[in-house]
Structures are given as C-alpha cells and as structure tokens.
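Each chain, letter by letter, is given below.
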Amino acid sequence: MLTLPPISKVATLTTEERAQVLDTLFEPCQQLHTLSVSLLREKSFASYDELIDAVGQQLKDLCESRLESDNKWLETILSAHPRLGEKKVESEQSRKEQAQLNQGGEEQAAKLAEMNRNYERAFPGLRYVVFVNGRSRPVIMADMEKRIERGDIEQEKRDSIKAMCEIASDRARKLNM
C-alpha cells in the first residue's frame, strides 16, 4: 500500500522522495519531476489539496504558454496517464481506479480501445484523461465521444489538467484516511 508523508514534511524530503510524492498523486513522469520537484521543496503547503493546486497552476502556465517546447512538455505530462481500459497499467492507483472499466465484455473493451485511438488521432500528443470516480464505462465513453466531437485541443488540455488534479486530490484523500 502506498502512503504519503505528512504534508508538513514534504519540503524536507529528498529529491527522490518528493518525486515519489508526485508519482503517487499524479503518474510517474520525468517531465513532471523536472517541473515540480523543486516547488515541493521551496514552498510549504497546509494540505495536499494546496500542493495539488500549485502543481495544477504550473500545468496551466504551460498550457497558456505560446512556446512550442512548453506545449510539448505539457503533452508529455498529460500523456503519462494510462489509456482507459488498457490491460497493462504501471500505476497501482490507476489499476484500482480503472478496475470497473476493465469489467465487461470484449466488445466494449474493443470499442474503448477504438475510442482511445480516435481520441489520440483527434488530439495528437494527448491521451484522454478523466476522473473516473465510479462512473460506468458507457458514461465515460459518452464523455470521450463528446470531447472528440468538440474538437478543441486547448479546451482538451485544460480539461485534462483539471482531471489530473481531481484524480490527485482523490488519491491524497484515500491515502491519508
């Protein structure tokens, strides 16, 4: 079982331990480490939600940047989340969060895999990120379809950042129970 250190201790952790906090809350990603590990040392936070909001702001700043390199960096961070319904998922938290999506027939699994491909064609460099939060596969698939049809990559990046932060807050809550 993964755990999080007390929020008051985060700034005193080693670089590797701060990276592990980020991996636990978000997903393992070297670019996120580069972006945020120093933030966790330089600033003290009253709660994990405050820490997550600060990382979220860094991601929003990348999203608003006009630099192509910042956009590529953001895309790499957003794509650290596994595809929905993927069989091989590295992150223990993601495996648990997606467990109900992996239940059901092969036909639905094939449809979800096809939708992931459609999403990634519609939004090159991105991966569909959503806070599952107990919602069923059909509800999630309808959301993905709506977002593909909307076709707005900038809104997609903002929605993905929001979802990443919601997922991280949920993980922090569960790990601090």
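Our structure is the block above this text.
These numbers come from a predicted model, not from an experiment.

(A) Representation of helix α8 (residues 153–175) within the structure. With 23 residues, α8 should cover 33 Å at 1.5 Å per step; its first-to-last C-alpha distance of 32 Å lies within 8% of that length. For α8, the N-terminal cap is D152; the gap from its side-chain oxygen to the backbone nitrogen of E154 is 3.2 Å.

(B) Up close: the side chain of E75. Examined against the element boundaries, E75 turns out to sit in helix α4 (residues 68–78). In this structure E75 comes out as buried when scored by relative accessible area, which is 9%. Not counting the four nearest positions on each side in its chain, E75 is found in contact with P124, G125, L126 and K157.

(C) Representation of the pattern of salt bridges. Per the stated rule, a full pass over the model turns up 14 salt bridges. Close ionic contact of R150 with E156 constitutes a salt bridge, the shortest N to O distance being 2.8 Å. The residue K162 makes a salt bridge to E166 at a minimum N-O spacing of 2.8 Å. With K162 and E166 both in helix α8, this residue pair falls 4 residues apart, about one helical turn. Owing to a relative accessible area of 52%, K162 belongs among the exposed residues under this scheme.

Rules and cut-offs
Residues numbered from 1 in each chain as written. Predicted model: local features only at pLDDT ≥ 70, side-chain atom pairs only at ≥ 80, totals over all residues. Heavy atoms only, no water. Helix = DSSP H or I, 4+ residues; strand = E, 2+ residues; numbered from the N terminus. Expected span 1.5 Å × (residues − 1). Polar contact = N/O pair within 3.5 Å; in protein donor to acceptor, adjacent residues only side chain to side chain. Buried < 20%, exposed > 50% of the residue type's maximum accessible area, 1.4 Å probe, protein only. Contact = heavy atoms within 4.5 Å. Salt bridge = Lys/Arg side-chain N within 4 Å of Asp/Glu carboxyl O.

In short, shape yes, function no, at least from these values alone.
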